[in-house]
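So you can see what is in the structure, the chains are spelled out below.
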Amino acid sequence: MSSKNNMGKTKRSTDDMIDDAIAQQNDWLENRRSYARRFLKTLNIFARPKDENNTPAKKETKKESHYPLRAFWFPILCAIIVILIAIWVMFVRTNAPQRVVIVPVVPDSITRVISEKEAPAFDIVRIQPDGNIVVAGRWAPNKSVSIAINGKIVATEQTNNDGEFVYAPKKPLAAGNYTLSLIGVGTNTKSSDKVFLYVSDEGYENSVSLLMTKKGSTLLQTPTVLRDGDLAVSKIDYLENGRIVVTGDAMPRLRVSLWLNNTYMGYAHVSDYRHFGLGADVGKLESGKEYELSVRLHDGDGNTVTSVNHKFTMPEMTGADDTFYTVRRGDCLWIIARNFMRRGILFSIIADKNHIENPDLIYPQQKLQIPVTNKQ
């Protein structure tokens, strides 16, 4: 009996919970209906004419019959606004000029990650307007790379996850010539390429950065402004063997070429000390005839940067067998023999003529006698 009473109480308790839930749901629905009625009543107030309180009910019915859409002005206004926006998007905005963003293509040689077994490589070496240099390169990711200037390690930088590093010293380099190389820390792997820097005392606009590889040289930074003396011809010799030799000064490591009457005759590279000597076979020049000699300075792409032009009338030859040359800093007998005697291997003849015991040891301002009529 007690068990039945307990079950009945439990059942009645459950029924009460269900009844309470239904009552709450009914209250919630009634609240929604009440809210909807208030909202519709508010819209109806906005839709009524302004003189609603002063107008009889019959006139209001009559007006509504003449203007049936007045009660729906708000939805109609919203629809018109949506239509205007759609028209603007479809016709006006699509006809406007589109802004195109061009993403530059980065060469694979820069983005490629170098393994630890390979040598570090240069990407950029530049001289900034304030005289400081910026060196950027690549090696194995998260490794250390040492930067050496003229064979001396000056800094060690860490590569990032992409294997890139940047070195920027706080103090500018003094005017002069520098050779930069890279060394991989741990493996002692040295870069196969080097960078030659010429820091001009005239400023960064007159400086040169040159990447030197086994395949040749590439200018990383060319002089943007040339000044007096960046290309100067100091001497022109016409030899009895039909050869012209031009000596002068120019921007270091660049290329100079020789032209006679606008005909290309040959080229030479300027030394680190800004000197060049350029010899070329021009054949026999006629005495009394006018010639135009041009020496041109070229950038890394072969374009002419500047030139020195010299017009002269060929004098009569004196018949002298020898000529004389004053040694300049950076000269060697091999280059002197190549310029004056066509072949560098003939340097021993110049050494014998000038009683030089050690052909590798000559001095600036030393005056050499060149036997240019030698038939060897």
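Residues numbered from 1 in each chain as written. Predicted model: local features only at pLDDT ≥ 70, side-chain atom pairs only at ≥ 80, totals over all residues. Heavy atoms only, no water.

Looking at the side chain of Thr 247
Then step 1. Within the element layout of this structure, Thr 247 appears in strand β12 (residues 243-250).
Then step 2. Ignoring anything within four residues of it in the chain, the contact list for Thr 247 reads Val 233, Ser 234, Lys 235, Phe 276, Gly 277, Tyr 325 and Arg 328. (Helix = DSSP H or I, 4+ residues; strand = E, 2+ residues; numbered from the N terminus. Contact = heavy atoms within 4.5 Å.)

Some points on the pairing of strand β10 (residues 216-221)
Then step 1. As judged from the 5 bridges shared by strand β9 (residues 208-213) and β10, these two strands associate in the antiparallel manner. When the bridges of β10 are listed, Leu 210 appears paired with Leu 219. (Pairing = 2+ DSSP bridges.)

What to know about the sheet that holds strand β15 (residues 275-281)
Then step 1. What the 3 strands build is an open sheet, ordered β11-β12-β15; its pairing is antiparallel. Each edge of the sheet is formed by a strand with only one pairing partner; in this case those strands are β11 (231-238) and β15. When the angles between neighbouring strand axes are averaged without regard to direction, this sheet yields 20°.
Then step 2. In this structure, β12 lies alongside β15, joined through 7 bridges in antiparallel fashion. By the bridge assignment, Val 245 is partnered in β15 with Gly 279.
Then step 3. In this fold helix α5 (residues 333-341) packs onto β11, β12 and β15, with an angle of close to 135° to the strand it touches most, β12. (Axes fitted to C-alpha atoms, helices over the stretch in contact; angles between N-to-C directions.)

Quick look at the nonpolar core
Then step 1. With 28 residues, the main nonpolar core has Val 256, Leu 258, Phe 276 and Leu 285 as its most contacted residues.
Then step 2. Sort the elements by how many residues they give to this core and strand β16 (residues 290-298) lands first, with 4 residues.
Then step 3. By size, the runner-up hydrophobic cluster in this structure holds 20 residues, among which are Phe 122, Ile 133, Val 145 and Val 195. (Core = buried A, V, L, I, M, F, W, Y, C linked by side-chain atoms within 4.5 Å. Buried < 20%, exposed > 50% of the residue type's maximum accessible area, 1.4 Å probe, protein only.)

Brief notes about α5
Then step 1. Taken residue by residue, α5 has Leu 333, Ile 336, Ala 337, Asn 339, Phe 340 and Met 341 as its buried positions. Mapping the buried residues of α5 onto a view down its axis gives an arc of 165°, with all of them on the same face.
Then step 2. As for α5, its buried residues are in contact with β11, β12, β15, β18 (322-326), α6 (347-353) and β19 (367-371).
Then step 3. Immediately downstream of α5, the backbone of Arg 342 shows phi near 75°, a positive value. (Arc of directions from axis to C-beta.)

Topic: the side chain of Ser 191
Then step 1. With respect to the secondary-structure elements, Ser 191 resides in the loop between β7 (189-190) and β8 (194-199).
Then step 2. Of the residues examined, Ser 191 reaches a relative accessible area of 8% and is grouped as buried.

Let's talk about the pattern of salt bridges
Then step 1. Applying the stated rule across the entire model yields 5 salt bridges.
Then step 2. In this structure, the salt-bridge partner of Asp 123 is Arg 138, at a minimum N-O distance of 2.9 Å. Highlighted residues: Asp 123 in strand β1 (residues 121-127) and Arg 138 in strand β2 (residues 133-138), separated in sequence by 15 residues.
Then step 3. A relative accessible area of 7% places Arg 138 in the buried class.
Then step 4. The closest approach of N and O atoms between Asp 281 and Arg 243, which form a salt bridge, is 3.1 Å. Taken together, the residues span a long stretch of sequence, with Asp 281 in strand β15 and Arg 243 in strand β12 at a distance of 38 residues.
Then step 5. What emerges from the salt-bridge pattern is a single network uniting Arg 243, Asp 281 and Arg 342. (Salt bridge = Lys/Arg side-chain N within 4 Å of Asp/Glu carboxyl O.)

Description of unusual backbone geometry
Then step 1. In this structure, Asn 142 is a non-glycine residue whose phi angle is positive, near 55°.
Then step 2. Its location among the elements puts Asn 142 in the loop between β2 and β3 (144-149).
Then step 3. One non-glycine residue, His 355, lies in positive phi territory at about 55°.
Then step 4. Following the sequence through the fold, His 355 ends up in the loop between α6 and β19.

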